[in-house]
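Listed below, chain by chain, are the residues.
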Amino acid sequence: MTRVAAIDCGTNSIRLLVADVDPATGDLTELDRRMRIVRLGQGVDRTGRLAPEALERTFDACREYAAVIKELGADKLRFVATSASRDADNSDTFVRGVLDILGVEPEVITGDQEAQLSFDGATKELVGGDHLEKPYLVVDIGGGSTEFVVGDDRVRAARSVDIGCVRMTERHLVLDGAVVDPATPDRIAAIRSDIDAALDLAEETVPVSSAATLVGLAGTVTTVAAIALGLEEYDSEAIHHSRVSVGQVREITGRLLASTHAERAAIPAMHPGRVDVITSGALVLLAVMERTGAREVVVSEHDILDGIALSVAGESRS
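This is a predicted model, so every value here is computed, not measured.

A. The overall build of the chain, seen in detail. Assigned secondary structure in the chain consists of 13 helices and 13 strands. By the compact-globule yardstick of 20 Å for 318 residues, the chain fits well, its C-alpha radius of gyration being 18 Å. Dimensions along the principal axes, computed over C-alpha positions, put the chain at roughly 50 × 45 × 40 Å. Taking all 318 residues of the chain together, 54% fall into the buried category. Partitioning the contacts of the chain with sequence separation of at least 6, the portion at a separation of at least 24 is 69%. Surface summary for the chain: the accessible area is close to 12,900 Å², and the carbon and sulfur share equals 47%. Of the side chains in the chain, 32 bear a positive and 52 a negative charge, and the two mean positions are spaced by 2 Å.

Okay, here's the thing in C-alpha cells:
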C-alpha cells in the first residue's frame, strides 16, 4: 500500500484526502477527508486577480492540511488547482505561498485534465458495482467551471465550460457587494442564458445526450441530494450513490430560487459556505438534466480528489 495525500483547490473550496492506495488494484482506503470553504475565486471573474483575503484564507487551510499530512505520514502529495488559479493574473503569489507551506508547487491543470481526474475518481468503483449502464456522463459542477466527461472504461470526450456556481452568482446575483435575495426573474433568466450558451459549447465536443447514466459530482449536487433525502445533517454515506430524479431537482431548484439567505441557511444539511451560491449551482444541474433528458442523477461523493489520489499512486491515466 502507498500512503498518499491529495489536495484539490477549486474556486470555492479546498479539500484534502489522505488515503492508502494499492498500486496493483487501485483500491483506496480513506484515512482523512476534509474540506474548507475558502472562496479563492472571490472576485476573479470581475478583477482577474486573486484577492489578498482569499489567498490568506487558502493559505490558512494549507497550514492545517500540512499538519494532517505530517501526522498521518503520507509518502507522496499532489496539489491540484483549478479554475480560479487558471484565470488569475497574480497566480504566482498563490504558487509561492503553497510551495512555502506544503513543499510542493500547485499544478494549475487544464480543464481537460480536470475532467479526466474527475472521471477517474467518480467511475472507478462504479464498474460492476451498481449495474449502471454505460456510457457515463460525469458532470462536475465547481465554483468557477463545470466539467462534462463522457466515457465508459475510459474518457471518450471532455469539455470544461465557465458556468460554476460562484462565477454565476458573482456575475448575475451580486449588487453593490451583496447577493440579491431572493433572485429576481431577470437575473435568473440571465443565469439560464449563460448556462444554455455554455451547454451549447460543451455539446460541440461532448455528446452529452448519448450517455446512459448521469453521474453528478461536487458540493452543489451533494447538497441537492441531501435536501432531496430530507437529511437532518450532512451524511456522506447516505448521499453517496443516491439517486435524485429530475422532478426532485426541479422542485428543489424552485424552492431555492424563491428563498431568502436565512431560509437557505436554515436547511439542515446546507454548508454555510454554499448558502449564497447553491441557487446558481442548482440551476446548472437542472439545465444539464433537461438538456440531456436524464431522468435521474446518480450522486457521487468520490470525484476529482479521489482521481488525484489514484494518480499519485500511478493508477490514473492523466
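B. Main features of the packing of helix H6 (residues 165–172) against helix H7 (residues 185–205). Contact geometry for H6 and H7: axes closest at 10 Å, N-to-C directions at 135 degrees. The pairing of H6 with H7 is recorded here as oblique in orientation. Note that H6 runs across H7; the crossing there is right-handed. Seen from H6, the contacting residues are Met-168, Arg-171 and His-172; seen from H7, they are Arg-187, Ala-190, Ile-191 and Asp-194. Grouping the amino acids of the contact of H6 with H7 by side-chain chemistry returns three nonpolar, one polar and three charged.

C. View of unusual backbone geometry. For the peptide bond that leads from Lys-134 to Pro-135, omega is 0 degrees, which places it in the cis range. Tracing the chain through its elements places Pro-135 in the loop between helix H5 (111–123) and strand S6 (136–141).

D. Region of interest: the nonpolar core. By size, the foremost hydrophobic cluster in this structure holds 49 residues, and its most contacted members are Leu-137, Phe-148, Ile-195 and Leu-214. Broken down by element, this core gets its largest block of residues, nine residues, from helix H12 (residues 278–292). With residues up to four places along the chain from it excluded, the contact list for Leu-137 reads Phe-148, Val-149, Val-150, Val-206, Val-208, Ala-211, Thr-213, Leu-214, Val-215 and Thr-292. Of all hydrophobic cores here, the second largest spans 24 residues; its members include Leu-50, Ile-69, Ala-88 and Phe-94.

E. Quick look at the environment of Leu-310. Turning to its location among the elements, Leu-310 is positioned in helix H13 (residues 304–312). Through-space distance from the C-alpha of Leu-310 to that of Val-288 is 28 Å; in sequence the pair is 22 residues apart.

F. Up close: the pattern of salt bridges. Applying the stated criterion across every chain yields a total of 23 salt bridges. A salt bridge links Glu-30 to Arg-33, with the shortest nitrogen-to-oxygen separation between them at 2.9 Å. A salt bridge links Asp-200 to Arg-291; the nearest nitrogen and oxygen atoms lie 3.0 Å apart. Separated by 91 residues along the polypeptide, Asp-200 in helix H7 and Arg-291 in helix H12 bring together distant segments of the chain.

G. Up close: the sheet that holds strand S12 (residues 243–245). Strands sit in the order S8-S7-S6-S11-S13-S12 across an open sheet of six strands; the sheet is mixed. Across the chains shown, the open sheet's two edge strands, defined by having one partner strand only, are strand S8 (155–161) and S12. Sheet twist, expressed as the average angle between the axes of neighbouring strands with direction ignored, equals 25 degrees. One ladder, built from two bridges, connects strand S11 (residues 213–217) with strand S13 (residues 296–299); its direction is parallel. The partner of Gly-216 across the bridge, within S13, is Val-299. Against the sheet, helix H8 (residues 218–229) makes contact with S6, S11, S12 and S13, and its axis sits at roughly 100 degrees relative to S6, the strand it touches most.

H. Structural view of the pairing of strand S1 (residues 2–9). Taking burial as the measure, the eight residues of S1 include seven buried ones, the bulk of the element. Relative to strand S2 (residues 13–21), S1 runs antiparallel, the two sharing eight bridges. Looking across to S2, one finds that Val-4 is bridged to Ala-19. A loop of three residues connects S1 with S2, the two strands running antiparallel in sequence.

I. Quick peek at the sheet that holds strand S5 (residues 107–108). Pairing is mixed in the open sheet, where five strands are placed in the order S3-S2-S1-S4-S5. Here the strands that pair on one side only, and so sit at the sheet edges, are strand S3 (28–37) and S5. Here helix H2 (residues 52–72) sits on the sheet and contacts S1, S2, S3 and strand S4 (76–81); the angle it forms with S3, its principal contact strand, is near 160 degrees. Where helix H4 (residues 91–102) meets the sheet, its contacts fall on S1 and S4, and the angle it forms with S4 comes to roughly 160 degrees.

J. The arrangement of the side chain of Asn-12 in detail. Its place among the elements puts Asn-12 in the loop between S1 and S2. Exposure remark for Asn-12: the relative accessible area of 4% places this residue in the buried category. Here Arg-39 takes part through its side chain, which lies 2.6 Å from a polar atom of the side chain of Asn-12.

K. Main features of the environment of Arg-78. Relative to the helices and strands, Arg-78 is located in strand S4. With relative accessibility at 15%, the residue Arg-78 sits in the buried group. Between the C-alpha atom of Arg-78 and that of Asp-8, which follows or precedes it by 70 residues, the distance is 8.7 Å. When sequence neighbours within four positions are dropped, the list of residues in contact with Arg-78 reads Ala-5, Ala-6, Ile-7, Glu-107, Leu-117, Ile-308, Ser-311 and Val-312.

The rules behind the values
Residues numbered from 1 in each chain as written. Predicted model: local features only at pLDDT ≥ 70, side-chain atom pairs only at ≥ 80, totals over all residues. Heavy atoms only, no water. Helix = DSSP H or I, 4+ residues; strand = E, 2+ residues; numbered from the N terminus. Rg over C-alpha atoms; globule rule 2.2 N^0.38 Å. Buried < 20%, exposed > 50% of the residue type's maximum accessible area, 1.4 Å probe, protein only. Contact = heavy atoms within 4.5 Å. Areas by Shrake-Rupley, 256 points an atom, 1.4 Å probe, with all protein chains shown as cover. Lys, Arg positive; Asp, Glu negative; His and termini not counted. Charge placed at Lys NZ, Arg CZ, Asp CG, Glu CD. Axes fitted to C-alpha atoms, helices over the stretch in contact; angles between N-to-C directions. Parallel < 35°, antiparallel > 145°, perpendicular 65-115°, else oblique. Left-handed = near helix turned anticlockwise from the far one by under 90°. Nonpolar A, V, L, I, M, F, W, Y, C, P; charged D, E, K, R; others polar. Core = buried A, V, L, I, M, F, W, Y, C linked by side-chain atoms within 4.5 Å. Salt bridge = Lys/Arg side-chain N within 4 Å of Asp/Glu carboxyl O. Pairing = 2+ DSSP bridges. Polar contact = N/O pair within 3.5 Å; in protein donor to acceptor, adjacent residues only side chain to side chain.

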